[in-house]
Amino acid sequence: MRFYLKWINPLIAVLIFVICCWLYFGRYFVSFGSEKALMLQGKSIIDPSELSLPMYFFAKGLFCSSALLLLGELLKRKIH
């Protein structure tokens, strides 16, 4: 259990965070054509007209990864 709480739990939390951030920010860094031109013109990454499913996954990634880390630390301190 100590090995899981020390190594696996934080790794899973970071993985969840990276996947959910990639779902939201990924198309801004791997885009071609007109989207790339808009990014170079200084268009904001967080556009109010795009607050839909990708923003949901971004918020869910922030919440789930932080909750997993905090609850894992709480359980680790309770067990030790």
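Residues numbered from 1 in each chain as written. Predicted model: local features only at pLDDT ≥ 70, side-chain atom pairs only at ≥ 80, totals over all residues. Heavy atoms only, no water.

**Student:** Report on the pattern of salt bridges, specifying residues and quantitative values.
**Tutor:** All chains considered together, the criterion is met by 2 salt bridges. The salt bridge partner of K76 is E73, with a shortest N-O separation of 3.1 Å. Taken together, the residues span about one helical turn, with K76 and E73 both in helix α3 (residues 53-79) at a distance of 3 residues. According to the relative accessible area criterion, E73 is partly exposed, its value standing at 30%. Overlapping salt bridges bring together E73, K76 and R77 as one network. (Salt bridge = Lys/Arg side-chain N within 4 Å of Asp/Glu carboxyl O. Helix = DSSP H or I, 4+ residues; strand = E, 2+ residues; numbered from the N terminus. Buried < 20%, exposed > 50% of the residue type's maximum accessible area, 1.4 Å probe, protein only.)

**Student:** Account for a nonpolar patch on the surface, naming residues and giving values.
**Tutor:** On the surface, a cluster of nonpolar side chains totalling about 450 Å² of accessible area is made up of M1, Y4, I12, L75 and I79. Tracing the backbone through its elements, the reader meets M1 in the segment before α1 (2-29). (Patch = residues over 30% accessible without salt bridge, like charges linked within 9 Å, V, L, I, M, F, W, Y side chains within 5 Å. Areas by Shrake-Rupley, 256 points an atom, 1.4 Å probe, with all protein chains shown as cover.)

**Student:** Now, about α3: what can you tell me, with residues and values included?
**Tutor:** For α3, spanning 27 residues, the distance from its first C-alpha to its last is 38 Å, which sits close to the expected 39 Å at 1.5 Å a residue. Of all the positions in α3, only M55, F58, G61, S65, G72 and K76 are classed as buried. (Expected span 1.5 Å × (residues − 1).)

**Student:** Break down the nonpolar core for me, with residues and values.
**Tutor:** For soluble globular proteins, the rule of thumb is that nonpolar side chains tend to be buried together. Listed in full, the 5 residues of the largest apolar core are C21, Y24, F25, M55 and F58. Mapped by element, the contributors of at least two residues to this core are α1 and α3. The dominant element in this core, judged by the number of residues it contributes, is α1, at 3 residues. (Core = buried A, V, L, I, M, F, W, Y, C linked by side-chain atoms within 4.5 Å.)

**Student:** So what's going on with the packing of aromatic side chains? Which residues, and what values?
**Tutor:** Overall, the coordinates contain 1 aromatic pair when judged by the stated rule. Each ring, one from Y56 and one from F57, has its centre 5.4 Å from the other, and the planes form 65°; the classification is edge-to-face. Judged by its relative accessible area of 28%, F57 is partly exposed. (Phe/Tyr/Trp six-rings, centres within 6.5 Å; stacked < 30°, edge-to-face > 60°.)

**Student:** Which residues make up the side chain of K76, and what values go with them?
**Tutor:** Of note is the side chain of K76, whose polar atom sits 3.1 Å from the side chain of E73. Excluding residues within four positions of it along the chain, K76 makes contact with L5 and K6. (Polar contact = N/O pair within 3.5 Å; in protein donor to acceptor, adjacent residues only side chain to side chain. Contact = heavy atoms within 4.5 Å.)

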